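Listed below are the residues making up each chain.
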There are 2 protein chains.
Amino acid sequence: MAPAGALSTDLYEFAMAAGYYASAGKAHGSFELFVRELPATRGYLVAAGLEPVLEFLSSWQCAPEEIEFLRSVPALSGAPASFFDEYLPGLRFSGDVWAMPEGTPVFAGEPLLRVRGALAEAQLVETALLSTVLFQTSVASRAARVVEAAAGRAVTEFGGRRAHGVEAAVAAARAAVLGGCDATSSAAAGFRYRVPVAGTMAHSWVMASNNEITAYRRYVELFGDQAVLLIDTYDPIVATNAITEAGLAPAAVRLDSGDLEGLSRAVRARLDAGGLTETRIIVSGDLDEFRVAALASSGAPIDGFGVGTALSTSSDAPFLSGVYKIVEVEQGGVLTPLMKLSTGKRTAPGRKQVWRRRDGGRAVGDTVGLCDEPGPMGFEPLLRQVMRGGERTVAPVSTLEARSRCRTAVAELPSAVRRLESPAVYPVTRSAGLDQLAESVLASQAGAGPHGE
Amino acid sequence: MAPAGALSTDLYEFAMAAGYYASAGKAHGSFELFVRELPATRGYLVAAGLEPVLEFLSSWQCAPEEIEFLRSVPALSGAPASFFDEYLPGLRFSGDVWAMPEGTPVFAGEPLLRVRGALAEAQLVETALLSTVLFQTSVASRAARVVEAAAGRAVTEFGGRRAHGVEAAVAAARAAVLGGCDATSSAAAGFRYRVPVAGTMAHSWVMASNNEITAYRRYVELFGDQAVLLIDTYDPIVATNAITEAGLAPAAVRLDSGDLEGLSRAVRARLDAGGLTETRIIVSGDLDEFRVAALASSGAPIDGFGVGTALSTSSDAPFLSGVYKIVEVEQGGVLTPLMKLSTGKRTAPGRKQVWRRRDGGRAVGDTVGLCDEPGPMGFEPLLRQVMRGGERTVAPVSTLEARSRCRTAVAELPSAVRRLESPAVYPVTRSAGLDQLAESVLASQAGAGPHGE
């Protein structure tokens, strides 16, 4: 199956593209991608998905067979033949992009990404940009919470099997590492993104052997000090005793069910008594940040956590209320800021910048302003240009570099904002320039809307 | 980016594969994929994902650069060189597969899919099979509920932008149509799976025009009787009046915000008064089965629903508690049924079949038995062989054929099981043969487990 290209969008984007083409509209515009509100359980989000977006935009085009398909779609039957024959075959993304670097903490109403370009191009990429950025941001944001909960113990992403398909599994693994995880179990993510991969064994390895200790002995013979033994297929205490009695010295043992706190203490005692003081204990099994925090604060002798579904599906907040909205149109050299007035879905007009103020190594507040306003004194602008005329203007950033940025930037947030339960609201204000623009657009649009021809 | 191949798995599957290879184990085994329990909101699931699984298995192999990557992974450093040099390059999936046809209603504890093959191969495909089947089953299951709620009105899947990446968006669109939706907005799903695609316009089309009626006029000039106009960017009533006054005759208008019931009545009245009695009304905006049911039962003049996030992320149940467990090992001609005893995660042993009994056109109960038990009188077996020795034994089934099967089979379920709230539990029993086997395995495994060498 070919990777999804320019057809990775909603059909109406093609209808509108045909509309712009047919009306010979040379209009450009700017669109911003932002999250309307944070899920109740999140004090902050971690921006992620930019590198995959830049890869997507760089290779974006319609294959001939895709164009033939579009030609056959009844809803597009009104589009001129030259739209299919001339326009779509040569179409490439030639716009400009500004974005927050991956790993940057971000809040409701702050644009993570802005696209400026021909209206048709900027529309056609909408669906792919939203699905990529919102999903990776969801996972990275939850990973940051799980890592915070683990308080320095290792966290490995284990959730490939419950992700939304094989590609989502790889993307989730990437985003989980970006958000702070130490490693992933996804072999494909290790290959594509050069992130650390880790693994143990499955219950089936134990079950398919004649007996449990034979299964362990074979694994340790093969993998030596890399071996991690899963000890809960039958009885973890009996298994631990058998391991020490057999003289095996695995790197770690893993518990995947039951009372993880009590079992980890009992297993630790038996490992230590058997001389296996270097053998670590890893736990897994339907963990999330709250269970991880409870285990970490219990003082249980747990060295690492494997976290699956909670990370790969961002299960408590499986989507973000993110949108991609037009904020300005440029026609004949005239810039017109725009805002949508739909009930409950009003947007803010104009191209924006997000400024973050730091004080003594702490992020203390953001201001959303217009991108041509002078930045407030001592504030750092978060959106930077990453693409000009369809060409990248910044070198690719590896997932591990982004993780490093994320860990630093999250540590700068106020601890109350990082709290797992009832996080405090981080202060985000709007600049006077943005408020004034919104007022004036509101006044003019309300009049101009469906009336004056 | 190349589509995910054999690396679409957890690293430990490769570690175990190396283990089976190193021990020259010729053992085969059978694994079953099933859901442990239904989400609280689901009375049934709709099996989906089989066609993509068969495509995946048919093309499954390790590329040379992927093998080089695996060779560099520290956790695999104990694997013999010939594992990388000889075994992995020639590895293909050569097992047998049984499965429920896509679109079949399925319940907790019933295998949707069974794989029989070399243990290493059957393990290596685990993660991809689970992520594909569980995700598409989640979405198809929710789609069936939304379609039930719509009571005959059209339902279009609109959720690409909030899906878990671009590939998940296409898979979700496929599964939503399979589960009963009339169409999807995903152009890529239309291209790949030949499912109906539909679309309207975005708010940006209206906002980027000098005024609203110009935006509509241009669209209708181009798309004629295919045009669907979005009327809530500013004021839907004002927009409707302008449309009728301008003499435009769109196929439909769409409301995306506000009081959809009240607005649809007001818009209908104005359309009818303006002679546009054939113009349909489509509504969207954070809809799910409950909102759809309320709108449908209100008698509001709504002709179709666009449903997004609720479908593409299965947002109220974003994952299923699905697993893929070994149920039998075959070594030297001896078949040994297996079960896992982990706390809270016990499995049932042996290769199974699911039998469904029908009475007067109603499905009235299932029995899970062993696959070599004679089927109960008058029951239909649901699992069928679909692959033998790595080759498909059944022709591909199109998504629309599977939708047709789904609609029929869901209609056969008791209405109480299909209820949106507090659905009744569909009766699933276990055969005497399966119960007896479980008892005998429990007795023997409990003894054999970690003890006797």
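Residues numbered from 1 in each chain as written. Chains lettered and ligands numbered in written order. Predicted model: local features only at pLDDT ≥ 70, side-chain atom pairs only at ≥ 80, totals over all residues. Heavy atoms only, no water.

Bringing helix 7 (residues 166-178) of chain B into the picture now. Residues and elements named next belong to chain B. For helix 7, which comprises 13 residues, the first-to-last C-alpha distance of 19 Å matches the rise-based estimate of 18 Å (1.5 Å per residue) to within 8%. Counted residue by residue, helix 7 has 13 buried out of 13 residues, so it is predominantly covered. Looking one or two places after helix 7, you find Gly180, whose phi comes out positive at around 130°. (Helix = DSSP H or I, 4+ residues; strand = E, 2+ residues; numbered from the N terminus. Expected span 1.5 Å × (residues − 1). Buried < 20%, exposed > 50% of the residue type's maximum accessible area, 1.4 Å probe, protein only.)

With that out of the way, let us pick up the nonpolar core. If you look at the biggest cluster of nonpolar residues, it comprises 154 residues, and the most contacted ones within it are Tyr216 of chain A together with Leu88 and Leu129 of chain B. Per element, the largest residue contribution to this core is 11 residues, and it comes from helix 7 (residues 166-178) of chain A. Every residue in contact with Tyr216 of chain A, bar those within four places of it in the chain, is listed here: Met201, Val206, Leu229, Leu230, Ile231, Ala239, Ile243 and Leu248 of chain A. Counting residues in hydrophobic clusters, the runner-up holds 153 residues, among them Leu229, Leu230, Ala239 and Val417 of chain B. (Core = buried A, V, L, I, M, F, W, Y, C linked by side-chain atoms within 4.5 Å. Contact = heavy atoms within 4.5 Å.)

Moving on, we come to the domain arrangement of chain A. Residues and elements named next belong to chain A. For chain A, the assigned domains are domain 1 (11-124 + 320-448) and domain 2 (140-312). Contacts between domain 1 and domain 2 engage 23 residues on the former and 21 residues on the latter. Taken together, the two surfaces of domain 1 and domain 2 that pack against each other cover about 1800 Å², and 57% of this comes from carbon and sulfur. Ranking the residues of domain 1 by area buried against domain 2 places Thr399, Arg403 and Leu420 at the top, with a combined share of 36%. Our count for the domain 1 to domain 2 interface comes out at three salt bridges. Between Glu102 and Arg174 there is a salt bridge, and its shortest N-O distance comes to 2.8 Å. Counting residues per element, the side of domain 1 that touches domain 2 draws most heavily on helix 15 (residues 399-412), which supplies seven residues. Among the residues forming the side of domain 1 that touches domain 2, the class breakdown is 11 nonpolar, four polar and eight charged. (Domains from an automatic or database assignment. Buried area = accessible area lost by both parts, 1.4 Å probe. Salt bridge = Lys/Arg side-chain N within 4 Å of Asp/Glu carboxyl O. Nonpolar A, V, L, I, M, F, W, Y, C, P; charged D, E, K, R; others polar.)

Now for the pattern of salt bridges. Applying the stated criterion across every chain, the model contains 56 salt bridges over all chains. Of the charged contacts in the structure, one is a salt bridge between Arg71 of chain B and Asp85 of chain B, with a shortest N-O distance of 2.8 Å. You can see Arg71 of chain B sitting in helix 3 (residues 64-71) and its partner Asp85 of chain B sitting in helix 4 (residues 81-90), a full 14 residues away along the chain. Note on Arg71 of chain B: relative accessible area 33%, which makes it partly exposed. Overall, the relative accessible area of 44% leaves Asp85 of chain B in the partly exposed class. Between Glu261 of chain B and Arg265 of chain B there is a salt bridge whose closest N-O contact spans 3.0 Å. Here the residue Glu261 of chain B and the residue Arg265 of chain B both occupy positions in helix 12 (residues 260-273), the gap between them amounting to four residues, near one helical turn. Each of Arg42, Arg142, Arg145, Glu289 and Asp316 of chain A takes part in salt bridges that share partners, so that together they form one network.

Residue and element names in this part refer to chain B. Pairing geometry for strand 6 (residues 154-157) and strand 11 (residues 304-307), over four bridges, is parallel. Pairing of Val155 across the sheet is with Phe305, part of strand 11. As judged from the two bridges shared by strand 6 and strand 7 (residues 183-184), these two strands associate in the parallel manner. Considered in strand 7, the bridge of Thr156 is made with Ala183. One crossover worth recording links strand 6 to the parallel strand 7 by way of helix 7, and it is right-handed. (Pairing = 2+ DSSP bridges. Right-handed = clockwise from strand over helix to strand, strands pointing away.)

Right, let's talk about the relation of the copies chain A and chain B for a bit. You can overlay chain A on chain B at an RMSD of 0.0 Å; the transform is a turn of 180° with a shift of 0.0 Å along its axis. The two molecules are tied by a two-fold rotation axis, judged by turn and shift. A symmetric contact is evident, with 100% of the interface residues of chain A recurring at the interface of chain B. (Least-squares fit on C-alpha atoms with pLDDT ≥ 70 in both.)

Bringing the sheet that holds strand 5 (residues 113-118) of chain A into the picture now. Residues and elements named next belong to chain A. Here we have seven strands laid out as an open sheet, ordered 13-12-1-5-3-17-18, and antiparallel in their pairing. Of all strands in the sheet, those with a lone pairing partner are strand 13 (334-337) and strand 18 (391-392), marking the two edges. Across the sheet, helix 2 (residues 50-58) lies against strand 3 (96-99), strand 5, strand 17 (384-388) and strand 18, angled at about 20° from strand 17, the strand it touches most. The strands touched by helix 6 (residues 126-150) within the sheet are strand 1 (28-35), strand 5 and strand 12 (322-331), with strand 12 carrying the most contacts at an inclination of about 140°. (Axes fitted to C-alpha atoms, helices over the stretch in contact; angles between N-to-C directions.)

Most peptide bonds take the trans configuration, and most residues that are not glycine carry a negative phi. With phi around 45°, Ser422 of chain A is a residue other than glycine that occupies positive phi space. Secondary-structure assignment places Ser422 of chain A in the loop between helix 16 (415-418) and strand 19 (428-430). Classification of Ser422 of chain A by relative accessible area gives exposed; the value is 61%. The phi torsion at Ala151 of chain B lies on the positive side, around 50°, for a residue other than glycine. Position of Ala151 of chain B relative to the elements: it lies in the loop between helix 6 (126-150) and strand 6. The exposure class assigned to Ala151 of chain B is exposed, which follows from its relative accessible area of 56%.

What follows covers the pairing of strand 5 of chain A. Residues and elements named next belong to chain A. Where strand 1 and strand 5 come together, six bridges link them in antiparallel fashion. Bridge pairing in strand 5 links Phe31 to Val115. Across four bridges, strand 3 lies against strand 5 in antiparallel orientation. Bridge pairing in strand 5 places Asp96 opposite Arg116.

Let us now look at the environment of His203 of chain A. Mapped onto the elements, His203 of chain A comes out in helix 9 (residues 203-207). Classification of His203 of chain A as buried rests on a relative accessible area of 5%. Residues His203 of chain A and Gly378 of chain A, 175 residues apart in the sequence, show an inter-C-alpha distance of 56 Å. Setting aside residues up to four positions removed in sequence, His203 of chain A forms contacts with Leu230, Asp232, Thr233 and Asp256 of chain A together with Lys325, Lys340 and Ser342 of chain B. Among the polar contacts listed, one links the side chain of His203 of chain A to the side chain of Asp232 of chain A, at a separation of 2.7 Å. (Polar contact = N/O pair within 3.5 Å; in protein donor to acceptor, adjacent residues only side chain to side chain.)

Another point: the side chain of Asp96 of chain A. Residues and elements named next belong to chain A. Tracing the backbone shows Asp96 in strand 3. A relative accessible area of 13% means that Asp96 is categorised as buried. Within the local environment of Asp96, its side chain forms a polar contact with the backbone nitrogen of Gly389, the two atoms lying 2.8 Å apart. When sequence neighbours within four positions are dropped, the list of residues in contact with Asp96 reads Arg114, Val115, Arg116, Gln385, Met387, Arg388 and Gly389.

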